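Summary of the model geometry
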Amino acid sequence: MPFTPFHMGPGLAIKALAGDRFSLLAFGVAQVAMDIEPLVGMIRGAPVLHGATHTYAAALVIAGIVALVTPPLCRPLLRRWNREVSLAHLPWLASPPLKRVPVIAGAFAGTLSHVALDSLMHHDITPLAPWSNTNSLLDLIPLPALHQACIASGALGLAAWLALRWWRRDRSAGPRSNPPPAP
């Protein structure tokens, strides 16, 4: 699924479940990092687009790199996001500052899920290399069903995340006092 938003669907679902313990920004950076190799392969006309980087071993290394580069890359983006939601009078949508554990969780979930999802659909992936040259996940799920599952997880995850943020906004505002009745 190179260069598509499908990978973000499961990330949105994880974000809804894990909340502030998971960085969706790091997850997204991981998706981009994973697809650098296929992009270069497409530009060069390579016969194999999903090579060494699309293995679980390489995904662990890439996740470590993503965990290191995400904070300096994304802090300006996060500041801008928080400023915009504040100006729009939607402070309940503001994101907390990036913290190490959520960034690491997002980076590792991003790279490992990327290999898993791509293993279901790309013939040129050997996810367990160098220990195995097979891909036992290939065609396990029909491609339309895979895309639908990614879209559904994204839609449900986004809806759940928004609902939870909205609900927490109401709860964090504290008890509301009713105005005294008019005389």
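Keep in mind that this is a model prediction, so the values were computed, not measured.

**Details of the packing of helix H2 (residues 24–34) against helix H4 (residues 56–87)**
- Contact geometry of H2 with H4 gives a least axis separation of 8 Å together with a crossing angle of 125°. It follows from the interaxial angle that H2 and H4 lie oblique. In this structure, the crossing between H2 and H4 has a hand that is right-handed. Residues Leu25, Ala26, Val29, Ala30, Ala33 and Met34 of H2 lie in contact with H4, whose contacting residues are Ala59, Ile62, Val66, Thr70, Cys74, Leu77 and Leu78.
- A per-class count over the contact of H2 with H4 returns 12 nonpolar, one polar and no charged.

**A closer look at the confidence of the model for the protein chain**
- When pLDDT is averaged along the protein chain, the result is 91; 90% of the residues meet or exceed 70.
- Within the protein chain, the lowest mean pLDDT, 90, falls on helix H6 (residues 143–172), and the highest, 97, falls on helix H5 (residues 100–119).

**What about the environment of Ile62?**
- By the element assignment, Ile62 lies in helix H4.
- Residue classification places Ile62 among the buried residues on the basis of a relative accessible area of 14%.
- Not counting residues within four places of it along the chain, the set of residues in contact with Ile62 comprises Ala33, Met34, Thr53 and Thr111.

**Remarks on the environment of Ala26**
- Looking at the element boundaries, Ala26 is found in helix H2.
- In this structure the C-alpha to C-alpha distance between Ala26 and Asp139, which are 113 residues apart in sequence, comes to 28 Å.
- Non-local contacts of Ala26, meaning those with residues more than four positions away in its chain, are made with Val66, Thr70, Val103, Gly106 and Ala107.

**A few points about the packing of aromatic side chains**
- On inspection of all chains with the given rule, the structure shows two aromatic pairs.
- Seen from their ring centres, Phe22 and Phe27 are 5.8 Å apart, and the 55° between their planes marks the pair as tilted.
- Given the relative accessible area of 3%, Phe22 is considered buried.
- Where Trp92 meets Trp166, the ring centres are 5.1 Å apart and the plane angle is 80°; that geometry is what we call edge-to-face. Placement of Trp92 in the loop between H4 and H5 and of Trp166 in helix H6 is noted, with a sequence separation of 74 residues between them.
- With relative accessibility at 17%, the residue Trp92 sits in the buried group.
- On the basis of relative accessibility, which here comes to 42%, the residue Trp166 falls in the partly exposed class.

Rules used in this analysis
- Every chain is numbered independently, its residues counted from 1 as its sequence is written.
- Reporting in this predicted model follows two pLDDT cut-offs: at least 70 for local features of residues, and 80 or more for side-chain atom pairs to be given and counted; totals over whole chains, interfaces and linings ignore these cut-offs and use all residues.
- The side-chain numbers reported here are obtained from all heavy atoms of the structure, hydrogens and water having been left aside.
- Note on definitions: angles span 0 to 180 degrees between N-to-C directions of axes, and those axes are lines fitted to C-alpha atoms, for helices only across the stretch in contact.
- A run of DSSP states H or I qualifies as a helix once it reaches four residues; a run of E qualifies as a strand once it reaches two. Both are numbered from the N-terminal end.
- The cut-offs work like this: below 35 degrees is roughly parallel, past 145 is roughly antiparallel, 65 to 115 is roughly perpendicular, and the gaps in between are oblique.
- It is the rotation of the near helix from the far one that decides the hand of a crossing: anticlockwise by less than a right angle makes it left-handed, clockwise makes it right-handed.
- By definition in these notes, contact holds between two residues if any of their heavy atoms fall within 4.5 Å.
- Each residue receives one of three labels: charged for Asp, Glu, Lys and Arg, nonpolar for Ala, Val, Leu, Ile, Met, Phe, Trp, Tyr, Cys and Pro, and polar for the others, Gly being one of them.
- As a per-residue measure, pLDDT reflects the predictor's confidence and takes values from 0 up to 100.
- For every residue, the accessible area (1.4 Å probe, protein chains only) is compared with the maximum for its type, and the residue is labelled buried under 20%, exposed over 50%, or partly exposed between those bounds.
- Only Phe, Tyr and Trp rings are paired, with Trp represented by its six-membered ring, and only when their centres lie within 6.5 Å; those with planes under 30 degrees apart are stacked, over 60 edge-to-face, the remainder tilted.

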